[in-house]
Amino acid sequence: MKKNLLVLISVLMVASMLLTACGGGAKPASEGASCAPNCTYKDMVLCYPQLGAESDWRTANTASIKETAEKLGIKQLIFSDAQQKQENQISAVRACIQQGASVIALPPVVEDGWDAVLTEAKNAGIPVIIVDRSVSADASLYAAHIGSNMELEGERAAAEFNKLLPNGGAILELSGTTGSGAAVGRANGLRAKLNANIKIIDSQTGNFTRAEALPVMQAFLQKYKPGVDFQGIFIHNDDMGIGAIEALKAAGVNPGDLVIVSVDGTRGGFQAMVDGWFQADVECNPLLGPQVFEMALKLMNGQTIDHEVLTDETVYYPDNAADLLPTRKY
Ligand code: GZL
């Protein structure tokens, strides 16, 4: 009898050891830094290979990262500006891997082409947080994504056109950087929810910049008569919207006679609503710094984090734009 009991206890002990070895519970996204589980911000070397400085949104995003790094007193922020070139971002990530950064927070300019460098970071044991726009790489190649639901932003824009063009009509689209998660998501969301009686008659990229949107709008005006051939414009960010307004006014067109819906909710976008040029501005929040650093510290300490963190956003309208403008943080 005693012998059987001893055998049973041994079997149970072995079984419980095997279960633990197989990781019965949720696994941390990474094993953590050498200071884990007691890392503090003073141990953190965070790499932020920023994609560019193309818009007010991007300027605010950069400021949020730099100000948060300063406020938290991290050991080092390795910041670079890729001037909207993916090859520059990839080189910057590789430099951070060489430098032994604790965490890489990558705001990808486009969705594709990241698998190789993400694999290099993973093999070097450096967790990557994808910030803002998304990537098409396999989710196992990065620790988390934090940013906006770009498809929802497009769907919200569609809802505004459906409301403001109840009898249908035609719209133009001034889209963001080709192949970027923001432009792809907004375009898909618009098309998914636009009423069938509203047609998108043309779409061109303005690369998220005011300077590149102006000639695109001028070219549109060569081809289409405002108010006749088109009644509205979906513009993927406020900076391009301001460029488009410049072209419309120079052509003697009152932008307020059209249904213009933009995205971001920057001060420039709010001013365009106060001026009567934008009929709605879909929020896209760039102030991601605090969440990025909080997530990075958890990764350094080997803690489990959510793989997808989407920011809560809304739509802004002209009726209270003047009241809100002085309160805007970006
Ligand atoms: C969206 C962001 C976009 C903004 C633009 O999250 O990536 O890039 O909408 C910015 O203003 O240039």
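Just so it is clear, the structure is predicted and the values come from calculations on it, not from any experiment. (Residues numbered from 1 in each chain as written. Predicted model: local features only at pLDDT ≥ 70, side-chain atom pairs only at ≥ 80, totals over all residues. Heavy atoms only, no water.)

S.K.: Help me understand the pairing of strand β6 (residues 169-175), please; the structure alone is not making it clear to me.
M.R.: Side-chain direction in a regular strand flips from residue to residue, so the side chains alternate between the two faces of the sheet. For β6, the buried fraction is high: six of the seven residues fall into the buried class. Relative to strand β7 (residues 198-205), β6 runs parallel, the two sharing seven bridges. In the strand pairing of β7, L172 is matched with D202. Taken together, β6, helix α6 (residues 181-193) and β7 form a β-α-β motif whose crossover is right-handed. (Buried < 20%, exposed > 50% of the residue type's maximum accessible area, 1.4 Å probe, protein only. Helix = DSSP H or I, 4+ residues; strand = E, 2+ residues; numbered from the N terminus. Pairing = 2+ DSSP bridges. Right-handed = clockwise from strand over helix to strand, strands pointing away.)

S.K.: Sorry if this is basic, but what is going on with the domain arrangement of the protein here?
M.R.: When the parts of a complex come together, some accessible area is lost, and that lost area is often used as the size of the interface. We note that the domain assignment places domain 1 (31-147 + 286-312) and domain 2 (150-284) within the protein. Contact with domain 1, which involves 13 residues of that partner, is made by 17 residues of domain 2. Overall, the association of domain 1 and domain 2 removes approximately 1,100 Å² of surface from exposure, summing both partners, and the carbon and sulfur fraction of that is 52%. Its largest share of buried area at the contact with domain 2, domain 1 owes to W57, E111 and R133, together 40% of the area lost on that side. Scanning the region where domain 1 abuts domain 2 turns up zero salt bridges. At the junction of domain 1 with domain 2, the criterion picks out four residue pairs in polar contact (both at pLDDT 80 or more). Across the side of domain 1 that touches domain 2, the residue classes tally to four nonpolar, three polar and six charged. (Domains from an automatic or database assignment. Contact = heavy atoms within 4.5 Å. Buried area = accessible area lost by both parts, 1.4 Å probe. Salt bridge = Lys/Arg side-chain N within 4 Å of Asp/Glu carboxyl O. Polar contact = N/O pair within 3.5 Å; in protein donor to acceptor, adjacent residues only side chain to side chain. Nonpolar A, V, L, I, M, F, W, Y, C, P; charged D, E, K, R; others polar.)

S.K.: How do you make sense of the packing of helix α5 (residues 150-164) against α6 when you look at a structure like this?
M.R.: Relative placement of two packed helices is described by the angle separating their axes and the distance separating the axes. The interhelical angle for the contact between α5 and α6, taken along N-to-C directions, is 40°, at an axis separation of 6 Å. Judged by the inter-axis angle, α5 sits oblique to α6. Considering the relative orientation of α5 and α6, their crossing is right-handed. Packed against α5, whose contacting residues are M150, E151, E153, G154, E155, A157, A158, F161 and N162, the element α6 presents G181, A182, G185, R186, N188, G189, L190 and K193 at the interface. Partitioned by chemical class, the residues of the contact of α5 with α6 number six nonpolar, six polar and five charged. (Axes fitted to C-alpha atoms, helices over the stretch in contact; angles between N-to-C directions. Parallel < 35°, antiparallel > 145°, perpendicular 65-115°, else oblique. Left-handed = near helix turned anticlockwise from the far one by under 90°.)

S.K.: Explain the nonpolar core to me, please; I cannot follow it from the model alone.
M.R.: Soluble globular proteins tend to pack their nonpolar side chains together in the buried interior. Judged by nonpolar contacts, the single largest core of 31 residues is most densely connected at L174, M217, F230, I233 and L248. Of all the elements in the fold, those that place two or more residues in this core are β6, α7 (210-223), β8 (232-235), α8 (238-250) and α9 (267-274). (Core = buried A, V, L, I, M, F, W, Y, C linked by side-chain atoms within 4.5 Å.)

S.K.: Explanation requested: the packing of α7 against α8 in the structure shown.
M.R.: Their axes nearest at 7 Å, the elements α7 and α8 cross at an angle of 45°. Classified by the angle between their axes, α7 and α8 sit oblique to one another. Handedness of the α7/α8 crossing: right-handed. Across from R210, A213, L214, M217, Q218 and L221 in α7, the residues of α8 making contact are D239, M240, I242, G243, A244, E246, A247 and L248. Each residue belonging to the contact of α7 with α8 can be placed in one class, and the counts come to nine nonpolar, two polar and three charged.

S.K.: For this particular structure, what's the right way to read the site of the ligand?
M.R.: Near the ligand you find 13 residues, and of these E54, S55, D132, R133 and D264 are the closest. Residue D264 places a side-chain N or O atom 2.6 Å away from an oxygen atom belonging to the ligand. Protein contact buries 100% of the 320 Å² of open area that the ligand shows by itself. Here the ligand is seated within the largest cavity. Among the elements of the structure, α2 (56-72) and α6 are those that each provide at least two residues to the shell around the ligand. Residues of the shell around the ligand, tallied by class, amount to five nonpolar, two polar and six charged. No fewer than three residues from each of domain 1 (31-147 + 286-312) and domain 2 (150-284) sit in the shell around the ligand. (Near = heavy atom within 4 Å. Areas by Shrake-Rupley, 256 points an atom, 1.4 Å probe, with all protein chains shown as cover. 1 Å grid on protein atoms, 1.4 Å probe; cavity = no way out; pocket = protein on both sides within 12 Å on 5 of 7 lines; lining within 4 Å. Sits in = over half its atoms within 2 Å of the grid points.)

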